[in-house]
Amino acid sequence: MDQDDIEEATAALKGQRLGWWGLLQITGCTGLAVYAVWAGLLMPGFRRVPLKLQVEQTVPYIPASPKQVENVMSLLKGRSGKMVDMGSGDGRIVLEASRRGFCPAVGYELNPWLIWLSNFYAWRAGHYGKVSYQRQDLWKVSLADCSNVTVFLAPSVVSLHGGGSW
């Protein structure tokens, strides 16, 4: 199309009313475009099972409740040093450990969207840089220098490891 064709089409459309059918078409196309962006870019980060693991194994994302976080912190009461959370999810246990003086506080998670969310929560709480979230397979992490390790995982994930200890 050259410039004259575009100007003629624009002039022809200026005199027409949109009508209910045109409004329905615009709404439908906008909804389809929003869904395509959601499905392609955003939804994978909120899945309970990361895409990489869907074929290999089932690893659900189950966020810890405030009571569960408090129970984990009560088990760590009176302790200090490095704290590691295996399968940290959205990072709430690591963040609370940092608030209570554990340094460094590190979370290991496979889902990159949950790592991003963890870093966002840490930034919002003023602890960005005080906590660390790393994308690493929790079965391959070296815990040789760790004095405090938390593992808050679904039973199906623990059974993948064979129920043994690290």
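Cut-offs and rules
- Throughout this document, residue positions are counted from 1 along each chain, in the order its sequence is written.
- The model is predicted, so local features are restricted to residues of pLDDT at least 70 and side-chain atom pairs to those at 80 or more, both for listing and for counting; the totals for chains, interfaces and linings are taken over all residues.
- To get the side-chain values, take all heavy atoms of the structure and skip hydrogens and water.
- Elements are defined by DSSP. Helices are runs of H or I of four residues or more, strands are runs of E of two residues or more, and each kind is numbered from the N terminus.
- Buried, partly exposed and exposed residues are distinguished by accessible area as a fraction of the type maximum, computed with a 1.4 Å probe on protein chains only: under 20%, between the cut-offs, and over 50%, respectively.
- Pairs of residues are marked as contacts when any of their non-hydrogen atoms sit within 4.5 Å.
- The length a helix should cover is 1.5 Å for every residue beyond the first.
- Pairs of N or O atoms within 3.5 Å make up the polar contacts considered here, provided that, within protein, one atom can donate a hydrogen while the other can accept it, and that residues adjacent in sequence are counted only when both atoms are side-chain atoms.
- By definition, pLDDT measures how confident the predictor is in each residue, and it falls between 0 and 100.
- Only strands joined by at least two bridges in the DSSP assignment are considered to pair.
- For helices, the fitted axis covers only the stretch in contact; all axes are lines through C-alpha atoms, and the angles between them, taken along N-to-C directions, range from 0 to 180 degrees.
- Salt bridge, as applied in this entry: a Lys or Arg side-chain nitrogen positioned within 4 Å of an Asp or Glu carboxyl oxygen.
- Pairing of aromatic side chains requires ring centres within 6.5 Å, counting the rings of Phe and Tyr and the six-membered ring of Trp. Pairs whose planes differ by under 30 degrees are stacked, by over 60 edge-to-face, and all others tilted.

(A) The overall build of the protein chain, seen in detail. Within the protein chain one finds 7 helices and 4 strands. Starting at the N terminus, the α and β elements of the protein chain follow one another as α-α-α-α-β-α-β-α-β-β-α. Looking at the protein chain as a whole, 31% of its 166 residues are labelled buried. Looking at the protein chain alone, contacts between residues at least 24 apart form 62% of all its contacts between residues at least 6 apart.

(B) Region of interest: helix H6 (residues 112–124). Given a rise of 1.5 Å per residue, 13 residues ought to cover 18 Å, and the 18 Å separating the end C-alpha atoms of H6 matches this to within 8%. Check the buried side of H6 and you find it contacts helix H5 (92–99), strand E2 (105–109) and strand E3 (131–135). Where H6 begins, the side chain of Asn-111 points an oxygen toward the backbone nitrogen of Trp-113, at a separation of 2.9 Å. Residue Gly-126 follows H6 closely and has a positive phi angle near 80 degrees.

(C) Main features of the confidence of the model for the protein chain. Of all residues in the protein chain, 80% have pLDDT values of 70 or greater, and the mean over the chain is 80. In the model of the protein chain, helix H3 (residues 51–56) stands out as the element of lowest mean pLDDT, 46, in contrast to H5, which has the highest, 94. Counting interchain partners and residues more than four positions distant, the pLDDT-below-50 stretch residues 53–58 has 11 contacts.

(D) Region of the structure containing the sheet that holds E3. Taken in spatial order, the 4 strands make up an open sheet running E3-E2-E1-E4, and their pairing is parallel. At either margin of the open sheet sits one strand with a lone partner, and together these are E3 and strand E4 (148–151). Strand-to-strand twist across the sheet, computed as the mean angle between neighbouring axes with direction ignored, equals 20 degrees. Relative to E3, E2 runs parallel, the two being bridged by 5 bridges. Bridge pairing in E3 links Val-106 to Ser-132. Packed on one face of the sheet, H6 meets E2 and E3 and runs near 170 degrees to E3.

(E) Geometry of the pattern of salt bridges. All chains considered together, the criterion is met by 5 salt bridges. Lys-82 serves as the salt-bridge partner of Asp-145, at 3.2 Å between the closest nitrogen and oxygen. Linking Asp-145 in the loop between E3 and E4 with Lys-82 in the loop between helix H4 (66–75) and strand E1 (83–86), this pair joins segments that are 63 residues apart in sequence. For Lys-82, a relative accessible area of 16% puts it in the buried group. Put simply, Glu-96 and Arg-99 hold a salt bridge, and the shortest N to O gap is 3.2 Å. In this pair, Glu-96 and Arg-99 are both assigned in helix H5, 3 residues apart and thus about one turn of the helix distant. The buried category is assigned to Glu-96, whose relative accessible area is 17%. A network of salt bridges, in which partner residues are shared, links Glu-70, Glu-96, Arg-99 and Arg-100.

(F) The arrangement of unusual backbone geometry in detail. With omega at -5 degrees, the peptide bond leading from Cys-103 into Pro-104 counts as cis. Its location among the elements puts Pro-104 in the loop between H5 and E2.

(G) A look at the packing of aromatic side chains. Enumeration over the complete set of coordinates arrives at 4 aromatic pairs. Between Trp-116 and Phe-120, the aromatic rings sit 5.9 Å apart at their centres with planes inclined by 5 degrees, giving stacked as the arrangement. On the criterion of helical spacing, the pair formed by Trp-116 and Phe-120 is a turn pair, its members being 4 residues apart in helix H6. What makes Trp-116 exposed here is its relative accessible area of 55%. A relative accessible area of 30% places Phe-120 in the partly exposed class. Every member of this aromatic cluster is reached through a ring pair, and the members are Trp-116, Phe-120, Tyr-121 and Trp-123.

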